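Take a look at the letters that make up each chain.
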There are 2 protein chains.
Amino acid sequence: MTQIQRLIDQVIDRVNVNLREPPFDAGPYVRNLIPLNQFSRFYAFYGLTSYHPIRFKFHKSSLAGSYFLGKCSVDHSILYKSDIRGDELKVQGQTFKCCNLQIPIHEDEEIRIKDSFLIKSLVHSNSHDLENPEEFMIRNTIAMHYANIHGAPTRGCFIGPFGTIDLTTFHNCLVGTYSYVQTGELNHHRIPDGQIWIRSTDAFNFLYRFPPEVLKRYIHVEPGSMPTGLFMEFMENRERDFEAAFYTLHTIPPIPVPLGATLNRYAVVRGKTVLSENVLVAQRAYLEDAWLGKGSNVQENCYIIRSRLDGYNVTAHGGKVMDAHIHPNTFVGFNAFLHGTPEFPLTVGSDCIVMPHTIVDLEEPVTVPPGHLVWGCIRNGKDLETHSIALDELSKRSGEVRVGDMVFQGSGAMFVSAFRHRVEHILESNGAMYDGENNRGHAQKGSRISFNIIQPYPEGDLLGLYPSMEIRP
Amino acid sequence: MTQIQRLIDQVIDRVNVNLREPPFDAGPYVRNLIPLNQFSRFYAFYGLTSYHPIRFKFHKSSLAGSYFLGKCSVDHSILYKSDIRGDELKVQGQTFKCCNLQIPIHEDEEIRIKDSFLIKSLVHSNSHDLENPEEFMIRNTIAMHYANIHGAPTRGCFIGPFGTIDLTTFHNCLVGTYSYVQTGELNHHRIPDGQIWIRSTDAFNFLYRFPPEVLKRYIHVEPGSMPTGLFMEFMENRERDFEAAFYTLHTIPPIPVPLGATLNRYAVVRGKTVLSENVLVAQRAYLEDAWLGKGSNVQENCYIIRSRLDGYNVTAHGGKVMDAHIHPNTFVGFNAFLHGTPEFPLTVGSDCIVMPHTIVDLEEPVTVPPGHLVWGCIRNGKDLETHSIALDELSKRSGEVRVGDMVFQGSGAMFVSAFRHRVEHILESNGAMYDGENNRGHAQKGSRISFNIIQPYPEGDLLGLYPSMEIRP
């Protein structure tokens, strides 16, 4: 047994302890599913800019495809093909505003990861932990294929494939396949598969659950087997396209990159693709015949194929858009799967919110009217009626609103306002509003970046592990 | 003025102090000759294997294209496109045998570099410093294009283009263009351009100097200008071929690599090239229509073009071989330039020693008979007569031997024996004698290696400099 195998067992043990009520064994979801020889084939990398204070400490960590920016301490961790960003870490002297509190930041925030096992996952760095604003912590967390951990300390959570935990301090939780949870703290609480749950204490509660037969078509996992379904096929079919991006250094951008825009060199660009000003295309984004209007964001693991984003559009981590025309100011949430076809195209009007984890998989052309909230699984115009609501209407409602299987409770106005505010924040922090001087965001700060590539031991007992590294400014 | 410019000035100042008797200014050889923007374009790298104990410490160093293996501490140094190896560093517990002494090694030997300025140079790690066997030191050394520093502590030496200092502890010396010096310690001593000098105190002295008009054709440098001549043209014409090797990661070997052989992934391979068992092809080697027999070595910055090496051949750092057939057990020394043509090919018999810094640039076919020592500049058969001697004959001679402009003094037998012994050692340590189990050398130990790529700050005051790094096993 090599050291990396021992390390994997250690992660499984720790996670099982965290998930002990009722008993759960993460082992079958992990053991034998990750080809250990891949660990020595991949490289990890970290970024260096003049904007982000750095300090990296890696100790015997297995980092596979990870990506770090900013301050980061990783210890014995396994991070297979993970993307971890650090471009929103708080810095000393800043004031962190949250829940009507003003919290001074005493030292530069640092990403700390311990034994986490994040497979092809994404961890984003805008943390919202009030108690520990300087510590971006993830501990004995397992996260399955294409899961998102968005901005938060996390602990011992097993997160299912294409699952997302968002905005929040999570603890020892189990989150189901393709479930999306934005609920604050959860202890010893299990989220069923396909549950979309947004809760703001005393303000609102949004709940929808995918029917199991629908979910199974797109993503499904059995202990001891690899996840299956259309989502996995979609990702795997395009995996090879990333090889050229990852195995070539110093590429000249394949298409013109206008002022204020960033095209990350680990993105794939194919066909006739056009970028406008202030566009942010993150690493592991995939563009094919994509037209991206001013200030559009295409985040990590997003795919934009034969589609047009008019401008000021956010496509959040893992969002996929095919044969679609998205009008301005529309938000497409995490791991949304908007699958038009050349025959049955999708149109989404302006100022819409496509909820995280929404599936639109068309068997006829569909147009979402402007200013609508959309969720669930939509295959035709009839489905749209039971899986959408005008935002203006929702804003006027309080108490319980039921549309199809969706149940909303609380203040519609606060829900809509919170979402609108968040989209604005994302556009701002990504640099969509940059005017050549002010409102600089990720699209501008990330345009000049050095990528440092580190590889593990190529053989022996340490195969797949890295030497200890400490990197300071 | 950015920090890297300040650092360059600092190196110049220190070297000038070292070379103060009589006064010398290294500035014009350095300032404005190195495009600083290149420093942010290139990457440095270090290797990771299960054979070489590692520890890297880089502190604000500008490392451009450097290559490190083994233990290494670098401080504020500028190392532009340099190759530094660490695969012959002594390890704790070993006994270092030299000059009939047995010196126990108390701790792992470490490469220490300070403000050195090594432009496209090579530093090799088999050090011969008796007083400090654990410290592989290079300090405020400038070395010009394609200079070699072979196995030694060095200090404040300005070393001219294509110059070599070999096997020795150098101090504050100035070594001329294309000069080769293997003389032990030298203090405040200037070596003229094109001088080939091998001295073993009380044993022998070999001295040859290229006529200035010959040297000028091949390599020449004026203060304030880039070096010129056929050598520079030769290197520059092939520089682009290395780009693909450097800007692509994880390449599958382009040709079969047999058992016990290593083809470094930073080598260029073109045309019909064949490797035999136990062949070592180092980084920045260039092979084009090359046939390499069993146990042949092609070291850093070597070019083998339309040529055949029969087997157990050493081509030392910077050696170039074109349109030649080299018979077994023949040694081609540092920066030798063996330029046959398809019309006027070169044949070198078995067991020959082609001295370091030998130019063979043919205007008719030439055959060097077996067992000969060759030096100087040879363009035809007539030149060969005045620039070679049979090794058997030299072995029988003592006192003074003059052939053409070459003057030899001392024991021929000891000179020949020292050379033979060295060639044997190189073959052994490079793994030419590996039998599948025993006599493992660089060709075997370097076959599984992870390359870690580090890049400097991409902009700002720190442009071209690296963050501080410490890497431990």
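The structure presented is a predicted model; accordingly, all values stated were derived computationally and were not measured.

Parameters at a glance
- Residues numbered from 1 in each chain as written.
- Chains lettered and ligands numbered in written order.
- Predicted model: local features only at pLDDT ≥ 70, side-chain atom pairs only at ≥ 80, totals over all residues.
- Heavy atoms only, no water.
- Buried < 20%, exposed > 50% of the residue type's maximum accessible area, 1.4 Å probe, protein only.
- Helix = DSSP H or I, 4+ residues; strand = E, 2+ residues; numbered from the N terminus.
- Pairing = 2+ DSSP bridges.
- Arc of directions from axis to C-beta.
- Contact = heavy atoms within 4.5 Å.
- Buried area = accessible area lost by both parts, 1.4 Å probe.
- Salt bridge = Lys/Arg side-chain N within 4 Å of Asp/Glu carboxyl O.
- Polar contact = N/O pair within 3.5 Å; in protein donor to acceptor, adjacent residues only side chain to side chain.

Here we look at the pairing of strand 4 (residues 71-75) of chain B
All names here are of chain B. Buried residues dominate strand 4, accounting for four of its five residues. Of the pairings in the sheet, the one linking strand 2 (residues 55-59) to strand 4 comprises five bridges and is parallel in character. Within the sheet, the bridge partner assigned to H59 lies in strand 4 and is D75.

As for helix 5 (residues 230-239) of chain A
Residue and element names in this part refer to chain A. Along helix 5, the positions that sit buried rather than exposed are F231, M232, F234 and M235. Projected down its long axis, helix 5 carries its buried residues within an arc of 160°, all on one side. In the core, the buried residues of helix 5 are packed alongside helix 4 (212-218), strand 27 (303-309), strand 29 (320-322), strand 32 (337-339) and strand 35 (359-361).

Comments concerning the interface of chain B and chain A
Counting from both sides, the interface comprises 33 residues of chain B and, opposite them, 33 residues of chain A. Each partner contributes to the roughly 3200 Å² buried at the junction of chain B and chain A, and carbon and sulfur atoms together form 51% of this total. Summed over the shared surface of chain B and chain A, the number is zero salt bridges. For the interface between chain B and chain A, the tally reads 14 residue pairs in polar contact (both at pLDDT 80 or more).

Observations regarding the pattern of salt bridges
A side chain with one charge may pair with a side chain of the opposite charge, provided their charged atoms come close. For the structure shown, the criterion picks out 38 salt bridges over all chains. With a closest N to O distance of 3.9 Å, B:D361 and B:R379 form a salt bridge. Separated by 18 residues along the polypeptide, B:D361 in strand 35 (residues 359-361) and B:R379 in the loop between strand 38 (377-378) and helix 7 (381-386) bring together distant segments of the chain. Residue B:R379 is classed as partly exposed on the basis of its relative accessible area of 23%. Sharing partners across several salt bridges, the network here consists of A:R14, A:K114 and A:D115.

As for the sheet that holds strand 12 (residues 142-143) of chain B
All names here are of chain B. Spatially, five strands are ordered 9-12-14-16-18 in an open sheet, and the strand pairing comes out parallel. Every other strand in the sheet has two partners, leaving strand 9 (117-118) and strand 18 (190-191) as the edge strands with one partner each. The sheet contact formed by strand 16 (residues 172-175) and strand 18 spans two bridges and is parallel. Paired with L174 across the strands is R190, a residue of strand 18.

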